[in-house]
Amino acid sequence: MSKSPFRVRLLDKDLDRSDFASNSEVLNRYLTQQVSQDVRRRITACFVALTPNNRIAGYYTLASTSLLLGDLPVSISKKLPRYPSVPAVRMGRLAVDKDFEGQGLGSALLADALYRASNSEIAAYALVVDAKDIAAVGFYRHHGFIALPDSARTLFLPLQTVAKLVTQADFLRAVAATNWEEEASAEARVWDEADLSSSLDPWALKP
Ligand SMILES: CC(C)(COP(=O)(O)OP(=O)(O)OC[C@H]1O[C@@H](n2cnc3c(N)ncnc32)[C@H](O)[C@@H]1OP(=O)(O)O)[C@@H](O)C(=O)NCCC(=O)NCCS
């Protein structure tokens, strides 16, 4: 397996965001013009995938949210406690620069977000996403997300499912695709065997 080209870390002010160009003008503008303000106000956290020369190849945002029990499919809500809502993590935005599309980075960023959400000490029932269009709905459904019955563009994946996925090679391969450095900086997420179950294939994690 070749050395993976990306590492994922929190956005900081030293990174150049001006050239980021995904297929979505709205998501480009958000990264270049608005996200810093939202991060400063603790409205969202923003994670970026960086190339070895610190170019931003993709990004996503995470924030707390909740899901109304009544909005979930009945087959799922009937298994949950009778609270009005359950806690969740919202991935409000996800975008990959056009130069890096189709290489698995979108999947890897999704896996990274799922891993962070499912490993937080603060409980959340699901990762929730807002798909910006029908194509994005297809991307999330392809990854196992379930649409809310009355809001097809809002999809979720129970994080219990993710805990099971962590033992599966595809998920790991996506996560491993974001590790180009063994020694990442302090704020970067370092993925290594210690983070994951001992039953994993080492090839999936080591470049
Ligand atoms: C959607 C987006 C994030 C995908 O990123 P990417 O790096 O090109 O995607 P990947 O290469 O990781 O694709 C991973 C898988 O998803 C599948 N996929 C991608 N788009 C899909 C779609 N519209 N419908 C179904 N599957 C799709 C790919 O076929 C691939 O499948 P495979 O792993 O089984 O081969 C990227 O195209 C993008 O930034 N688009 C503009 C912004 C956007 O739509 N964001 C979505 C959230 S609002």
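Residues numbered from 1 in each chain as written. Predicted model: local features only at pLDDT ≥ 70, side-chain atom pairs only at ≥ 80, totals over all residues.

Student: Describe the overall build of the chain, listing the residues and the values that go with them.
Tutor: Looking only at helices and strands, the chain has six helices and eight strands in total. Listing each helix as α and each strand as β along the chain from the N terminus yields β-α-β-β-α-β-β-α-β-α-β-β-α-α. Look at the contacts in the chain between residues 6 or more apart in sequence, and 68% of them connect residues 24 or more apart. (Helix = DSSP H or I, 4+ residues; strand = E, 2+ residues; numbered from the N terminus. Contact = placed C-beta atoms within 7 Å.)

Student: Tell me about the environment of Leu50, residues and numbers included.
Tutor: Considering the arrangement of structural elements, one finds Leu50 in strand β2 (residues 45-50). With 23 C-beta atoms packed within 10 Å, Leu50 lands in the buried category. The residues touching Leu50, leaving out its near neighbours within four places in the chain, are Phe6, Arg7, Arg9, Arg55, Ile56 and Ala57. (Buried ≥ 20, exposed ≤ 12 C-beta atoms within 10 Å, placed from the backbone.)

Student: Pulling in residues and values, what's your account of unusual backbone geometry?
Tutor: One non-glycine residue, Arg42, adopts positive backbone phi at about 60 degrees. Relative to the elements of secondary structure, Arg42 occurs in the loop between α1 (25-40) and β2. When the 9 C-beta atoms within 10 Å are taken as the criterion, Arg42 is described as exposed. A positive phi angle, close to 65 degrees, is found at Asn54, a residue other than glycine. Among the secondary structure elements, Asn54 is positioned in the loop between β2 and β3 (56-68). We classify Asn54 as exposed; it has 11 C-beta atoms within 10 Å.

Student: Explain the site of the ligand residue by residue, including any values.
Tutor: Glu101, Gly106, Ser107, Gly138 and His142 are the nearest of the 21 residues found near the ligand. Residues belonging to the shell around the ligand are distributed by class as follows: nine nonpolar, ten polar and two charged. (Near = placed C-beta within 6 Å. Nonpolar A, V, L, I, M, F, W, Y, C, P; charged D, E, K, R; others polar.)

Student: Explain α1 to me, using residue names and the numbers behind them.
Tutor: Its 16 residues place the ends of α1 23 Å apart at the C-alpha level, agreeing with the 22 Å of an ideal helix rising 1.5 Å per residue. The sharpest bend along α1 comes to roughly 65 degrees, located at Gln34. Looking only at α1, the buried set comprises Leu27, Tyr30, Leu31 and Val35. On its buried face, α1 is in contact with β2, β3 and β5 (94-96). Phi turns positive one or two residues past the end of α1, at Arg42, with a value near 60 degrees. (Expected span 1.5 Å × (residues − 1). Bend = angle between axes of the 7 residues up to and from the residue.)

Student: Account for the nonpolar core, naming residues and giving values.
Tutor: Core analysis: the largest hydrophobic core is formed by 50 residues, its most contacted members being Ala113, Leu114, Ala126, Leu127 and Phe156. Here the element with the most residues in this core is helix α3 (residues 105-119); it accounts for nine residues. Beyond its immediate sequence surroundings of up to four residues, Leu127 is in contact with Val89, Met91, Ala113, Leu114, Ala117, Phe156, Leu157 and Leu159. (Core = buried A, V, L, I, M, F, W, Y, C linked by C-beta atoms within 7 Å.)

Student: Explain the environment of Ala113 to me, and be specific about the residues and the numbers.
Tutor: Here Ala113 lies in helix α3. Overall, Ala113 belongs to the buried group, with 21 C-beta atoms counted inside 10 Å. Between the C-alpha atoms of Ala113 and Leu127, which are 14 residues apart in sequence, the distance is 8.3 Å. Apart from residues lying up to four places away in sequence, Ala113 is in contact with Tyr60, Leu62, Met91 and Leu127.

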